[in-house]
Amino acid sequence: MIMSTCAPSPFDHPKADIILRSADGVDFCVFKLFLTLASPFFETMFELPQPADGTGDDTKDGLPVIPVPEDSKTLDTFLRFCYPSTLAEDPLLDSLADILAILGAAKKYSLDLIEKKVCQALVNHKVLEAEPLRCFAIAYNARLKHETITAARYTLRQPLIPAWFEEIELITASDLLALLTYHKKCAIAVAPLRANLDWVTNHYGSLNSCKWLVPEMQNPNRSYYGTPDPTTCSCGRSTQAEFMLWNNTSVSWWATYMKETFELLRDTPCRDIVKSEAEKTIQKVRGAGCTLCSARVKENMEEFSELLALNVEKATASIELEMHF
Ligand SMILES: [Zn+2]
């Protein structure tokens, strides 16, 4: 027989009236009333004849012991959801493994309310960031509209064609097709931002307000006592006709940023790409040795990438995930 240990507060209350023993031998002293109120399953379970106090094998300190298949970690989380919030706060679920374990228990014990609460943990940023497709499948399987749509949005951070993921069996091929269609439509919605730069010119208003994009270039014929002129740019202008502003060619590194970012947005139409590419550009420019650009690239690219990120979000916001709930 496993040596049992006692669970921590509030599951060690001296006035508790029943013990749930986890698979790994931890005894949770609980009040039947709280569990009964949380789930009809427990009501039925407690109505079954119990051995009289202190008689049967399955008793401890005069309380009946009910062994359950869940481990102590799952049981602890799960019981905290059942208890009133004055005694135990709802536990924080920030890993998909924990969420799935609790969801399994909630389903098994028909704790509908807890199932809902647990699924809401699916929209936890940390979980979504790590496993958007698994969250999508779990949320849609539970027909949670808000959670499914939120998870779909996070899948835009991953390539259009996903790798196999654990809960793929929870959704149908039609569901997956709906997700891929949504992803593709978002990518298409972002594309016009590349061809038409009104969103840039409208934001800055005039060439004078964004000189960093179209800086004065160093004149190689002008001697500046042997040191580079700090008031002019040595980066060079873009040779491409694309990304011109007010009919001026832009500084070359910005045109490169735009070209590379828009290439990536075709597969992952989301703000994260815009921001991470900007970060790389800042490092690259600082490493390139143009005094003028190095000094101001961070501030300007942070502002600019935020502008592009907002426009990407705006373009994709109206795209609907066509699924039934
Ligand atoms: Zn420069």
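The model shown is predicted, which means the values in this text are computed figures rather than measured ones.

**Student:** Could you give me a rundown of the coordination of the zinc ion, with the residues and numbers involved?
**Tutor:** Bound to the zinc ion are the protein donor atoms Cys233 (SG), Cys235 (SG), Cys290 (SG) and Cys293 (SG), situated 2.2 to 2.4 Å from the metal. Around the zinc ion sit four donor atoms; with metal-centred angles ranging over 105 to 116°, the donor geometry is tetrahedral. Within one chain, the residues serving as donors to the zinc ion are arranged as C-x1-C-x54-C-x2-C. With cysteine 235 in the loop between helix H11 (198–204) and helix H12 (252–265) and cysteine 293 in helix H14 (residues 291–317), this pair connects stretches of sequence that are 58 residues apart.

**Student:** Which residues make up the sheet that holds strand S5 (residues 63–67), and what values go with them?
**Tutor:** Taken in spatial order, the five strands of this open sheet run S1-S3-S2-S5-S4, and their pairing is mixed. The strands lining the two open edges of the sheet, one partner per strand, are strand S1 (5–6) and strand S4 (59–60). The pairing of S4 with S5 spans two bridges and is classified as antiparallel. Residue pairing in the sheet places threonine 59 in a bridge with proline 64 of S5. Sitting on the sheet, helix H3 (residues 72–82) touches strand S2 (18–21) and strand S3 (26–30), and the angle it makes with S3 is about 15°.

**Student:** Go over the packing of helix H4 (residues 96–108) against helix H5 (residues 112–120), please, and point to the residues and values.
**Tutor:** Two quantities define a packed helix pair, namely the angle between the axes and the distance from one axis to the other. The contact between H4 and H5 brings their axes to 9 Å, and the two run at 165°. As the angle between them shows, H4 and H5 are arranged roughly antiparallel. At the point where H4 passes H5, the crossing takes the left-handed sense. Facing H4, whose interface residues are Ile99, Ile102, Leu103, Ala106 and Lys107, H5 presents Ile114, Glu115, Val118 and Cys119.

**Student:** Outline the pattern of salt bridges, supporting the account with residue identities and numerical values.
**Tutor:** One pass over the full model with this rule turns up 19 salt bridges. Residue lysine 60 is joined to aspartate 27 by a salt bridge in which the shortest nitrogen-to-oxygen separation is 2.7 Å. Taken together, the positions of lysine 60 in strand S4 and aspartate 27 in strand S3 put the pair 33 residues apart, joining distant regions of the chain. Put simply, Glu131, Arg134, Glu166 and Glu167 are held in one network by salt bridges that share partners.

**Student:** A description of the environment of glutamate 313 should follow, citing residues and the corresponding values.
**Tutor:** Mapped onto the fold, glutamate 313 is located in helix H14. For glutamate 313, a relative accessible area of 32% puts it in the partly exposed group. For glutamate 313 and aspartate 98, which are 215 residues apart along the polypeptide, the C-alpha to C-alpha distance reads 31 Å.

**Student:** Could you give me a rundown of the side chain of threonine 268, with the residues and numbers involved?
**Tutor:** Its place among the elements puts threonine 268 in the loop between H12 and helix H13 (271–288). Under the relative-accessibility criterion, threonine 268 is labelled buried at 9%. Discounting residues that sit within four places of it in the chain, threonine 268 has contacts with Leu156, Arg157, Gln158, Pro159, His183 and Ile273.

**Student:** Got a sec to walk through the pairing of S3? Specific residues and values, please.
**Tutor:** For S3, the buried fraction is high: five of the five residues fall into the buried class. Of the two faces of S3, the one carrying Val26, Phe28 and Val30 and the one carrying Asp27 and Cys29 are both buried. Bridge count between S2 and S3: four bridges; the pairing is antiparallel. Across the sheet, the residue bridging to isoleucine 19 is cysteine 29, located in S3.

**Student:** Now, about helix H8 (residues 145–155): what can you tell me, with residues and values included?
**Tutor:** For H8, the set of buried residues is Glu147, Thr148, Thr150, Ala151, Ala152, Tyr154 and Thr155. On its buried face, H8 sits against H5, helix H6 (125–130), helix H7 (132–141) and helix H9 (173–190).

**Student:** Can you explain unusual backbone geometry? Please cite residues and give values.
**Tutor:** Following serine 9, the chain continues to proline 10 via a peptide bond in cis, the omega torsion being 5°. Note on placement: proline 10 falls in the loop between S1 and S2. Look at serine 110: it is not a glycine, yet its phi comes out positive at around 40°. Tracing the sequence through the fold places serine 110 in the loop between H4 and H5. You will see that arginine 143, though not glycine, has its phi angle at about 55°, which is positive. Of note, arginine 143 is situated in the loop between H7 and H8. Taking relative accessible area as the criterion, arginine 143 reaches 44% and is therefore assigned partly exposed.

**Student:** I'd like to hear about the side chain of threonine 148, residue by residue, with values.
**Tutor:** The topology assignment puts threonine 148 in helix H8. A residue is classified by how much of its surface remains accessible, and threonine 148, at 0% relative accessible area, is buried. Here tyrosine 140 takes part through its backbone nitrogen, which lies 3.3 Å from a polar atom of the side chain of threonine 148. Residues within four places of threonine 148 in sequence aside, it is in contact with Phe136, Ala139, Tyr140, Leu321, Met323 and Phe325.

Cut-offs used in this document
- Residues numbered from 1 in each chain as written.
- Predicted model: local features only at pLDDT ≥ 70, side-chain atom pairs only at ≥ 80, totals over all residues.
- Heavy atoms only, no water.
- Donors = N, O, S within 2.8 Å, 3.2 Å for Na, K, Ca; no water.
- Tetrahedral: all angles 85-135°; square planar, octahedral: opposite > 155°, others 65-115°.
- Helix = DSSP H or I, 4+ residues; strand = E, 2+ residues; numbered from the N terminus.
- Pairing = 2+ DSSP bridges.
- Contact = heavy atoms within 4.5 Å.
- Axes fitted to C-alpha atoms, helices over the stretch in contact; angles between N-to-C directions.
- Parallel < 35°, antiparallel > 145°, perpendicular 65-115°, else oblique.
- Left-handed = near helix turned anticlockwise from the far one by under 90°.
- Salt bridge = Lys/Arg side-chain N within 4 Å of Asp/Glu carboxyl O.
- Buried < 20%, exposed > 50% of the residue type's maximum accessible area, 1.4 Å probe, protein only.
- Polar contact = N/O pair within 3.5 Å; in protein donor to acceptor, adjacent residues only side chain to side chain.

The values reported here are purely geometric and, on their own, carry no functional implication.
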